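Now for the letters of each chain:
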Amino acid sequence: MSEEARIAAFGDALRTAFAQFEAQEKAIRQQAATVPSGSLIALRDDEALLERPTRRFLIDPMLRALDWNPDDPNQVTEEARSWAESGDRLYFDYLGVSRRGAPTLLVEAKGADSVSARPPREHNVSASRMSLLISEALGKLKTGDNPGILAQWVDWLKDLRTYVTSFGEAGRSTLKRVVITAGRWLIIFKNPSAAFIDGGAPDRSEIHCFVSPKEFVERHDEIYNLLARRRLIDTLPLTMNLGEALQILEPAAMTKAYRGVVVATRMTGVMRSEFPLRAVYPALVLLSGGRAFAVVEYNANPAIEPRDASQLRAFTEDLTAKGERFQQRVLNAFNRTDLKMSPAAHFPTDIREPELGSAFAPEPGSTAALAPAAPVRPQLVRQTGERNAQREFLVITGQSWFYKAAPPTGPECDFHNFPIAKKRGFAGSDGRFEHVADSFTISGDPQNCQHADLLGLRRSRCQVLQIESHLCCRTCIFHEVCWEATELSRLPCGT
């Protein structure tokens, strides 16, 4: 769908929402009027009584049409919680988050009858006048002066300041928009930090006001451009099937290709005797527009990694055959059979997963600041980002189809075996004797490492640590990425 079509669809969704609310409004008000006197509900004002249906009929449909789905906790958290500086518990009506869970969009909901922003003795304030009024009120609130706005709005603006402050510096760096709306009016703060944190009155041009349903519809393209999820965050998935990829990726824009696998580990069996099951799906990782996209052969019959190390070679051969067929299918579909598979070591170092707060340098003298700078290496293992899939990873393997070699390279080594490593004084306190979610090798396997010193050294550089905590470095295809040639020659393997 084109951007123009998305904007038009958003306008249609607004019209439908207003029509449905109008059709239900009489019944909603009658229901509110029949609340028994003296009940706790009756003690609430009319605005509070209307907030829930306002959210259901007006605000929820608007957010859905902007691709912020209130029913998807990976996109929007309703009644999200935080803490004020005073220690009070805070509840946000809606908090839109990025694919990495970073706060992006904060929406405060009011009932449909809630009054829009205006001075105490004015009515029917225009959108431009409202922007100026709110800007001046925020500036005066910060200095303790009279904001010149309805007392109710003084409280609401103070609440919004408290909410934005509660995110802390890292959270505020990702917060793109703050919204307050009663469904029939809408105010969008384009720069939340400037509006609520920085000194002085914020720029009125960054406070966008919509004062009526008619204005919503007439200016729906502005609302879309300010709030649409795809305009605030990167909504494209890391992994996709071929059908999805053909809709998203432009063949001519593809610059590099790498082989890879998606590795998904689940614990199975009875509670008293659980064991991990690891499914492996071939993937083709394509670079386009400075991003990596993995086209994955998702199907009901993935390759299952054996727990018996003696079967690893047969598993790898089967996976390679599946991968080769899938690679040809993908390249043919995109008409890009000219793309050759690049080595994993050549994967760009600047294509990385975003980290919340990574824009902030550690304070001088802190542990992080004192630590030596790590060499910049490509990030070859990353979570897929799929819903409820903490144990699902994309591994970019380059010109190979799996990250483990059946026989280790290099000299013979005794440290695959915990008892021998312990006898020689190099083992840790506990050996790896059972398969677990983050280790598919055990003591005695040729792919296992029980050398405690080496395990310590590899923690800061290992690509596969999240899925293989005890993998022998000489078994892993990334050993030349993680270690310099001179370091490899000095590893204690075989000594």
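This text follows the structure it describes.
Residues numbered from 1 in each chain as written. Predicted model: local features only at pLDDT ≥ 70, side-chain atom pairs only at ≥ 80, totals over all residues. Heavy atoms only, no water.

A.B. asks: How should the pairing of strand 2 (residues 89-97) be read in this particular structure?
C.D. replies: On any regular strand, side chains alternate: one points to one face of the sheet, the next to the other face. Counting buried residues along strand 2, seven of its nine residues qualify, which places the element largely inside the surrounding structure. Between strand 2 and strand 3 (residues 103-109), which pair antiparallel one after the other, the connecting turn spans five residues, and G101 there sits at a positive phi close to 85 degrees. (Buried < 20%, exposed > 50% of the residue type's maximum accessible area, 1.4 Å probe, protein only. Helix = DSSP H or I, 4+ residues; strand = E, 2+ residues; numbered from the N terminus. Pairing = 2+ DSSP bridges.)

A.B. asks: Looking at this structure, I do not really get the pattern of salt bridges. What am I missing?
C.D. replies: Pairing between side chains of opposite charge can happen when the charged atoms of each approach one another. All told, the structure shown has 26 salt bridges when counted by the stated rule. Notably, a salt bridge pairs R64 with D71, separated by 2.9 Å at the nearest N-O pair. Accessibility expressed as a relative area gives 54% for D71, which makes it exposed. In this structure, a network of salt bridges that share partners links the residues E3, R6, R230 and R231. (Salt bridge = Lys/Arg side-chain N within 4 Å of Asp/Glu carboxyl O.)

A.B. asks: Would you take a moment to explain helix 11 (residues 312-333) for this structure?
C.D. replies: Given 3.6 residues to a turn, an α-helix orients residues that are three or four positions apart in the same direction. With 22 residues, helix 11 should reach 32 Å at 1.5 Å per residue; the first-to-last C-alpha distance of 31 Å fits that figure. When we look at burial in helix 11, the residues that qualify are L312, F315, T316, L319, K322, G323, F326, Q327, V330 and L331. For helix 11, the angular spread of the buried residues around the axis is 160 degrees, confining them to a single face. Exposed positions of helix 11 whose direction lies more than 90 degrees from the buried face are E317 and R325. Against the buried residues of helix 11 lie helix 10 (242-248), strand 8 (254-268), strand 9 (275-288), strand 10 (291-296) and strand 11 (303-304). N335 lies just past helix 11 and shows a positive phi near 55 degrees. (Expected span 1.5 Å × (residues − 1). Arc of directions from axis to C-beta. Contact = heavy atoms within 4.5 Å.)

A.B. asks: Explain the environment of H416 here, please?
C.D. replies: Turning to its location among the elements, H416 is positioned in the loop between strand 13 (392-398) and helix 13 (418-423). With a relative accessible area of 14%, H416 lands in the buried category. Contact partners of H416, with chain neighbours within four places excluded, come to P408, S443, G444, D445, P446, N448, Q450 and C472. For H416, the side chain forms a polar contact with the main-chain oxygen of P446, separated by 3.3 Å. (Polar contact = N/O pair within 3.5 Å; in protein donor to acceptor, adjacent residues only side chain to side chain.)

A.B. asks: Help me understand the packing of helix 3 (residues 127-143) against helix 4 (residues 151-166) in this model?
C.D. replies: Each pair of packed helices can be described by the angle between their axes along with the distance between the axes. Running from amino to carboxyl end, helix 3 crosses helix 4 at an angle of 70 degrees, the nearest separation of the two axes being 11 Å. Regarding the angle of helix 3 to helix 4, the classification is roughly perpendicular. Helix 4 is crossed by helix 3, and the crossing has right-handed handedness. Taken together, the residues of helix 4 that come into contact with helix 3 (itself represented by I134, A137, L138, L141 and K142) are V154, L157, K158 and R161. Looking at the contact of helix 3 with helix 4 residue by residue, the classes come out as six nonpolar, no polar and three charged. (Axes fitted to C-alpha atoms, helices over the stretch in contact; angles between N-to-C directions. Parallel < 35°, antiparallel > 145°, perpendicular 65-115°, else oblique. Left-handed = near helix turned anticlockwise from the far one by under 90°. Nonpolar A, V, L, I, M, F, W, Y, C, P; charged D, E, K, R; others polar.)

A.B. asks: Is there a simple way to think about unusual backbone geometry in this case?
C.D. replies: Most peptide bonds adopt trans geometry, and most residues besides glycine take a negative phi value. Residue D67 is not a glycine yet carries a positive backbone phi of 70 degrees. Residue class for D67 comes out partly exposed when judged on its relative accessible area of 37%. You will see that N124, though not glycine, has its phi angle at about 55 degrees, which is positive. Residue position: N124 is located in the loop between strand 3 and helix 3.

A.B. asks: What is the right way to read the pairing of strand 4 (residues 177-181) from this model?
C.D. replies: Most of strand 4 sits out of view: five of its five residues are buried. Side chains R177, V179 and T181 of strand 4 all project onto a buried face; the interleaved residues V178 and I180 project onto the opposite face, where all are buried too. Pairing of strand 3 with strand 4 involves five bridges; the strand directions are parallel. The partner of A109 across the bridge, within strand 4, is T181. Here four bridges tie strand 4 to strand 5 (residues 186-189), and the two strands are oriented antiparallel to one another. What sits directly across from I180, in strand 5, is I187.

A.B. asks: How should I be thinking about the side chain of H435 in this particular structure?
C.D. replies: The topology assignment puts H435 in the loop between helix 13 and helix 14 (452-458). The class for H435 is buried, based on a relative accessible area of 15%. A distance of 3.1 Å separates a polar side-chain atom of H435 from the backbone oxygen of R307. Excluding residues within four positions of it along the chain, H435 makes contact with P276, R307, F440, T441, I442 and D445.

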